[in-house]
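Residue-level listing of the chains:
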Amino acid sequence: MQPKLSQGILYLMQQGKYEEAHLHATFLIEEAKRKQNIELEFAARVQRMRLAFQQHDIECAAHDLTVCEQLLHVSNTVEPYKAMFHCASAVLHTLTNNKALAMTHFEMAISLGYEHEDWQIVSIAYARLSMLTFTTHGFDKAFPYAKTALLFAKMTPSPLCELYAIRARIAMLYLLLHGQHLEQASRLYTTLQKTLQPTDLHYETLHVEIIWLHHAFNEKRYHDVLKVSDTLLQAALLHKHSDLSLTLFDILIATYEQLNDPVLIDVYTVQRESIVQHLYAQAHIEPVQQLYPMPAPSNKEFQEVAQKHLHAQTEGALLLVSIYSNDILSTEQLQNVKQTLHEQFEQLPFRVTNCIQFEQQKLLYLASAPFKDAAIPLQNAIDATLSAHDLPITILFGYTHNQEHQSYTFHECLALCHAYLYYNQWALEAYPTNALT
Amino acid sequence: MNEYMTTVFDKQMHLYLVHNTHTHLDEHISSCQHYFSLLRKSEQQHLHAYALINDLWHFYYYDDEQLFFEPNNTMYYAIRAAILHLFTTSDTILKIKTWVQHSIEFSLIAAIDLVNVYADLYTTRILPAIQQTKYATLIQQFRGIDTKILFSERFKIYIEHPREFTEMQAYIVKLLTKNTILHEKHVQQTFTKYAERMKKMYVVKEEIFS
């Protein structure tokens, strides 16, 4: 029953009846709340969120996102909507200038959207990601993202496919102009104007004009910028298009900086800041990270530190410790064992640092001694840990010294550590009293 | 640059060798970076998923006459070799090859999507069976690691062959073959859906970019 009800909203959206769809979604949400039907409320909120994004009502989308995240704690039938969540979250992070997090969320949205053949999400995520990529990697890297956005826009069923194609082309226009491909940009600008003229797509029309205005600024035509910027700003603020308003404020502030007008710079900076603060409060919603864990940034940081540590010119080693148990250990038991291991390693005659947890029962360290000096002290530390805990566990380690083992990258050393673990385990089974070292 | 794909090339984890070509796919990884986001999130940090993408990319891109199997790697990566055999002998997949062949980007998209297809089949049909066996930990252990290292000369002083590992490979290959036969209808339906998706993408791509 519920999918049919929320699909009704989708049908209205596909017919371009956005206001009716919004009313229908709001009615469903109220009904669901009254009947305490979490799944229905969830489905209706997600559809309203999609609608809000369609109409660029970021505030409404952010509100529904927050509520949906709370509902997620009590319902696990939400798989198809995850892409929408990540896209919504990414847009909010983009607006608050948290680019790295926004990019990660857009990538999640693409993967999940593709999994569920939600081409609209894939297209919009690629389009927005293209503009972010431009700021970090330049035109050549960014343009293929915009082209891919167009590809997926065209996969979207009609009539929405034209709308998403326009959005992908707007991303292309942005990239072409900022990448100084002016002739192509000019052609695309004219085509977009012609396409948009007979429609009532005010966000898209405004977006195109603002991109073109930015171009005028780049060409130092400051008086041309000021001629139209006020009208555009009023329109953006009126329709609560926060992202477009922010871009306009940026252009205006930069223009008045060039014209040396500190009073107006202050006025626009204050107005801009109030929008940023409001969005910032909406964007930082912690449960997203808790519910769908991202690749831990600490792992990446560790990899970078480890890579330097294992570089050919320095002497370094990687130590992988694994705790094996036939019984399931409680989190507390495992934690205590790890703690004792840390304490034992601190007393070693060589440095063992930068520990990270690797998978469930593995610890990865950086060490600074050749294997011939490290092996016996390490085994003693492990034996001391085992005798401190009366548990049915085995602790094995793999150790790779960069120069001794001629492995100079993190991945090479890690692979070799795993191989040593594998053969140590085999040796322990084959010769229980004399493990391979 | 996708570091996993680069590792696959650097470590020579390929199952195919290519003869008579001026096109080297590794030179295109950087310009195709944006397509890797299409891969299932669960596979995005899984080295062997990228190795499979690489093999399928080669399969789709090159003419059959240009491709030869790398015999040692076929032994080291027996599971991947079995997947490749199962997939590349399917009529549906062979039909897709005719659309995507010689297109660097489209053959990569088709390869990534086919790895997604495999990942879904693996999660629903294979993984539950593996989790009941003694091999579960071993598989987990080598998810992100190039397993060729186990066959390295340095270990031959202890033992000629990583026996448990090769037994695990044989077990999974059998499981794959058995499940493909057992769930033939489901696998075929999945392939058909994949083919429809590729066809649609192919038509759109031709329409907008040619």
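Before any of the text, the structure's been laid out above.
Overview of the structure. Along each chain, residue indices are assigned from 1 in the same order as the chain's sequence is written. Here chains are named by letter from A upward and ligands by number from 1 upward, in the order in which they appear as written. Given that the model is predicted, a residue must reach a pLDDT of at least 70 before its local features are reported, and side-chain atom pairs must reach 80 or more before they are shown or counted; all residues, however, enter totals for whole chains, interfaces and linings. Just so you know, side-chain values use all the structure's heavy atoms and leave hydrogens and water out.

**Here we look at the packing of helix α8 (residues 139–155) of chain A against helix α9 (residues 160–178) of chain A**
Residue and element names in this part refer to chain A. Axis definition: a line fitted to C-alpha atoms, limited for helices to the stretch in contact. Angles are taken between N-to-C directions and run from 0 to 180 degrees. Secondary structure elements are defined from DSSP: runs of H or I of at least 4 residues count as helices, runs of E of at least 2 residues count as strands, and each element is numbered from the N terminus. Axis separation between α8 and α9 bottoms out at 8 Å; the angle between their running directions is 170°. The orientation of α8 with respect to α9, classified from their angle, is roughly antiparallel. Residues Phe139, Ala142, Phe143, Ala146, Lys147, Ala149, Leu150, Ala153 and Lys154 of α8 pack against Cys161, Glu162, Tyr164, Ala165, Ala168, Arg169, Ala171, Met172, Leu175 and Leu176 of α9. Note on residue categories: nonpolar means Ala, Val, Leu, Ile, Met, Phe, Trp, Tyr, Cys or Pro, charged means Asp, Glu, Lys or Arg, and polar means any other residue, Gly included. Here the residues of the contact of α8 with α9 sort into 15 nonpolar, no polar and four charged. An angle counts as roughly parallel when it lies under 35 degrees, as roughly antiparallel when it exceeds 145, as roughly perpendicular when it falls between 65 and 115, and as oblique in every other case. What makes two residues a contact is simply this: any of their non-hydrogen atoms within 4.5 Å.

**Comments concerning the sheet that holds strand β4 (residues 393–401) of chain A**
Residues and elements named next belong to chain A. The criterion for strand pairing is that DSSP finds at least two bridges linking the strands in question. If you walk across this open sheet you meet the four strands as β2-β3-β1-β4, and the pairing is antiparallel. Whereas interior strands pair on both sides, the edge strands pair on one side only; in this sheet they are β2 (352–358) and β4. Strand after strand, the sheet turns through a mean of 20° between neighbouring axes, direction not considered. Across the face of the sheet, helix α18 (residues 371–388) comes into contact with β1 (317–325) and β4 while running at roughly 160° to β4. Against the sheet, helix α19 (residues 410–430) makes contact with β1, β2, β3 (362–367) and β4, and its axis sits at roughly 140° relative to β4, the strand it touches most.

**Some points on empty space enclosed by the protein**
Points on a 1 Å grid over protein atoms alone make up a cavity when a 1.4 Å probe fits among them but cannot get out, and a pocket when they form an open set with protein on both sides within 12 Å along at least five of seven lines; lining residues each have an atom within 4 Å of a point. Grid points are joined across faces, edges and corners, and a volume is the space filled by probe spheres set on the points. The full count for this structure, using the stated rule, is two cavities of 30 Å³ or more. Counted as a void, the largest cavity has a volume near 450 Å³. Taken together, 23 residues line the largest cavity, and the ones lying closest to its centre are His46(B), His48(B), Ile79(B), Tyr118(B) and Ile139(B). Going through the elements one at a time, α2 (47–61), α4 (78–88), α6 (104–130) and α8 (163–182) of chain B are the ones with two or more residues in the lining of the largest cavity. Top element by residues in the lining of the largest cavity is α6(B). It accounts for five residues. As a volume, the second largest cavity reaches approximately 30 Å³. Together, Tyr423(A), Leu150(B), Phe151(B), Ser152(B), Phe155(B), Lys156(B), Ile159(B), Glu160(B), His161(B) and Pro162(B) line the second largest cavity. Of the residues that constitute the lining of the second largest cavity, the class distribution is six nonpolar, two polar and two charged.

**Description of the layout of surface pockets**
Residues and elements named next belong to chain A. Empty space within the second largest pocket amounts to approximately 1000 Å³. Forming the walls of the second largest pocket are 43 residues, and the residues nearest its centre are Thr94, Arg128, Met131, Asp243 and Thr247. Elements with a minimum of two residues in the lining of the second largest pocket: α3 (38–54), α5 (82–95), α6 (99–115), α7 (119–137), α9, α11 (202–218), α13 (242–258) and α14 (262–283). The greatest single-element share of the lining of the second largest pocket, amounting to eight residues, is contributed by α7. Looking at the lining of the second largest pocket, its residues break down into 25 nonpolar, eleven polar and seven charged.

**A few points about the packing of α6(B) against helix α9 (residues 184–209) of chain B**
Residues and elements named next belong to chain B. Between α6 and α9, whose axes approach to 11 Å, the crossing angle comes to 155°. Comparing the axis directions of α6 and α9 gives the class roughly antiparallel. Read as a crossing pair, α6 and α9 show a hand that is right-handed. Side by side, α6 and α9 meet where Glu105, Phe106, Ile109, Ala110, Asp113, Leu114, Val117, Leu121 and Arg125 of the first sit next to His186, Val187, Thr190, Phe191, Tyr194, Arg197, Met198, Met201, Tyr202 and Lys205 of the second. Should the near helix be turned anticlockwise from the far one by less than a right angle, the crossing is termed left-handed; should it be turned clockwise, right-handed.

**Details of unusual backbone geometry**
Residues and elements named next belong to chain A. The phi dihedral of Gln180 is positive, around 65°, even though this residue is not glycine. Tracing the backbone shows Gln180 in the loop between α9 and α10 (182–196). Residue Gln406 is not a glycine yet carries a positive backbone phi of 50°. Looking at the element boundaries, Gln406 is found in the loop between β4 and α19. Gln406 gets classed as exposed once you look at its relative accessible area, which sits at 62%. Type-normalised accessible area, obtained with a 1.4 Å probe on protein chains alone, sets the label of each residue: buried when under 20%, exposed when over 50%, and partly exposed for intermediate values.

**Details of the pairing of β2(A)**
Residue and element names in this part refer to chain A. Relative to β3, β2 is paired through five bridges, and the arrangement is antiparallel. The residue bridging Val352 from the neighbouring strand is Ala367, located in β3. Between β2 and β3, which follow one another and run antiparallel, lie three residues, and Glu359 among them has a positive phi close to 55°.

**A look at the pairing of β1(A)**
Residues and elements named next belong to chain A. Most of β1 sits out of view: eight of its nine residues are buried. Relative to β3, β1 is paired through six bridges, and the arrangement is antiparallel. Bridge pairing in β3 places Leu320 opposite Leu364. In this sheet, β4 lies alongside β1 in antiparallel orientation, the contact comprising nine bridges. Across the sheet, Leu318 pairs through a bridge with Thr400, a residue of β4.

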